[in-house]
Amino acid sequence: DTAVSQTPKYLVTQMGNDKSIKCEQNLGHDTMYWYKQDSKKFLKIMFSYNNKELIINETVPNRFSPKSPDKAHLNLHINSLELGDSAVYFCASSQGPPNEQFFGPGTRLTVL
Amino acid sequence: GESVGLHLPTLSVQEGDNSIINCAYSNSASDYFIWYKQESGKGPQFIIDIRSNMDKRQGQRVTVLLNKTVKHLSLQIAATQPGDSAVYFCAEKFKAAGNKLTFGGGTRVLVKP
């Protein structure tokens, strides 16, 4: 069984659209994260939630809104998509910082 | 700045040789470091971690060395195999940054048969 899963794996959409990426972890971890990986492979944290509470919120446009309905799920909603949003988005989880983070398979978002 | 180390250089290694991947980190207050491996089309996968109160830690075929004096981290892979071909990332954590991991730019390792 997949520990951290994301859907969809690929997402192709037009500029201006609104889209969501879902993440679920079955590891019983308290903390979940969203990362963005650009075309040069640079991996940067966007958000972190601990027990449904936002604890890290990097300098991310407010078009990005994470939502954690429970500690096993952390979804990412993006409004008014822009070309620069094209990237691979990774969800991760850990049992409290700073322990090892387990990453999902990624969602490749392409904005046309 | 927050950047840790590398800007995706490439290391070509002959199968069976040892690999050494280097990383310079930015914050002397960082207390935890971790290495990840990312294969093409997949998410990063944990390799090994080390806390700042240690200078060496060994895993299966991997060793991480930490030199706090010069803020340098390295990953050594023994007897490199084709399956080791991937991008390798180091990351650091320091409490002032809210316990988040800050990743370096990655090193691509290519194993030649």
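This structure is a prediction, so every number in the text was calculated from the model and none was measured. (Residues numbered from 1 in each chain as written. Chains lettered and ligands numbered in written order. Predicted model: local features only at pLDDT ≥ 70, side-chain atom pairs only at ≥ 80, totals over all residues. Heavy atoms only, no water.)

Engineer: For this particular structure, what's the right way to read the sheet that holds strand E6 (residues 62–67) of chain B?
Structural biologist: Sheet strands line up and pair through hydrogen bonds in the backbone, either parallel or antiparallel. All names here are of chain B. Sheet architecture is open: 4 strands sit in the order E2-E7-E6-E5, paired in antiparallel fashion. Lying at the two open borders of the sheet, with one neighbouring strand each, are strand E2 (19–24) and strand E5 (56–58). Strand-to-strand twist in this sheet, taken as the mean axis angle between neighbours without regard to direction, amounts to 15°. In this sheet, E6 lies alongside E5 in antiparallel orientation, the contact comprising 3 bridges. When the sheet's bridge partners are listed, Lys56 is paired in E6 with Leu65. (Pairing = 2+ DSSP bridges. Helix = DSSP H or I, 4+ residues; strand = E, 2+ residues; numbered from the N terminus. Axes fitted to C-alpha atoms, helices over the stretch in contact; angles between N-to-C directions.)

Engineer: Any chance you could explain the pairing of strand E8 (residues 86–93) of chain B here in plain terms?
Structural biologist: If a strand is regular, its side chains alternate between the two faces of the sheet. All names here are of chain B. Among the 8 residues that make up E8, 8 are buried, leaving the element largely enclosed by the rest of the structure. Side chains of E8 alternate between two faces, with Ala86, Tyr88, Cys90 and Glu92 and Val87, Phe89, Ala91 and Lys93 buried alike. Sheet topology note: the E8/strand E10 (residues 107–112) ladder contains 3 bridges and is antiparallel. Looking across to E10, one finds that Tyr88 is bridged to Thr107. Inspection of the sheet shows E8 paired to strand E9 (residues 101–103) by 3 bridges, in the antiparallel sense. Paired with Lys93 across the bridge in E9 is Leu101. (Buried < 20%, exposed > 50% of the residue type's maximum accessible area, 1.4 Å probe, protein only.)

Engineer: Looking at this structure, how should I read the confidence of the model for chain B?
Structural biologist: A low pLDDT score tells you not to read the predicted coordinates there in detail. All names here are of chain B. Here chain B shows a mean pLDDT of 90. Residues at 70 or above account for 91%. When mean pLDDT is taken per element in chain B, E6 scores highest with 98 and E9 scores lowest with 90. Segment residues 1–6: pLDDT under 50, and 26 contacts once partners within four positions in sequence are set aside and those in other chains are kept. (pLDDT = per-residue confidence, 0-100. Contact = heavy atoms within 4.5 Å.)

Engineer: It is not clear to me how unusual backbone geometry should be interpreted in this structure. Could you clarify?
Structural biologist: The phi torsion of most residues other than glycine is negative, and most of the peptide bonds are trans. With omega at -5°, the peptide bond leading from Thr7(A) into Pro8(A) counts as cis. Tracing the backbone shows Pro8(A) in the loop between strand E1 (4–7) and strand E2 (10–13). A positive phi angle, close to 50°, is found at Asn51(A), a residue other than glycine. Mapping Asn51(A) onto the fold places it in the loop between strand E5 (43–50) and strand E6 (53–57). Of note, the phi angle at Arg61(B) is positive, near 65°, even though the residue is not glycine. Turning to its location among the elements, Arg61(B) is positioned in the loop between E5 and E6.

Engineer: What is the right way to look at the interface of chain A and chain B in this model?
Structural biologist: Across the contact, 20 residues belong to chain A and 22 residues belong to chain B. Here chain A packs against chain B, burying approximately 1700 Å² in sum over the two surfaces, 59% of which is carbon and sulfur. Between Glu58(A) and Lys100(B) there is a salt bridge, with the nearest N and O atoms lying 2.7 Å from each other. Where chain A touches chain B, the interface holds 5 residue pairs in polar contact (both at pLDDT 80 or more). Counting residues per element, the ones that place at least two in the side of chain A that touches chain B are strand E4 (31–37) and E5 of chain A. Among the elements that line the side of chain A that touches chain B, the one with the most residues is E5(A), at 3 residues. The residue makeup of the side of chain A that touches chain B, split by class, is 10 nonpolar, 4 polar and 6 charged. (Buried area = accessible area lost by both parts, 1.4 Å probe. Salt bridge = Lys/Arg side-chain N within 4 Å of Asp/Glu carboxyl O. Polar contact = N/O pair within 3.5 Å; in protein donor to acceptor, adjacent residues only side chain to side chain. Nonpolar A, V, L, I, M, F, W, Y, C, P; charged D, E, K, R; others polar.)

Engineer: Which parts of the structure should I look at to understand the state of the cysteines?
Structural biologist: Covalently bonding the sulfur atom of one cysteine to the sulfur atom of another cysteine gives a disulfide. Inspection of every chain in the model, using the stated rule, returns 2 disulfides over all chains. A disulfide bridge connects Cys23(A) with Cys91(A), and the sulfur atoms are separated by 1.8 Å. Between Cys23(A) and Cys91(A) the sulfur-sulfur dihedral comes to about -75°; the bridge is accordingly left-handed. Of this pair, Cys23(A) sits in strand E3 (residues 19–25) while Cys91(A) sits in strand E9 (residues 87–94); the two residues are 68 residues apart in sequence, bridging distant segments of the chain. The class for Cys91(A) is buried, based on a relative accessible area of 0%. In this model Cys23(B) forms its disulfide with Cys90(B); the gap between the sulfur atoms is 1.8 Å. One quick way to see it: the torsion about the S-S bond of Cys23(B) and Cys90(B) is about 50°, and its sign makes the bridge right-handed. You can see Cys23(B) sitting in strand E2 and its partner Cys90(B) sitting in strand E8, a full 67 residues away along the chain. This pair shows no difference in class: Cys23(B) is buried, exactly as Cys90(B) is. (Disulfide = S-S within 2.5 Å.)

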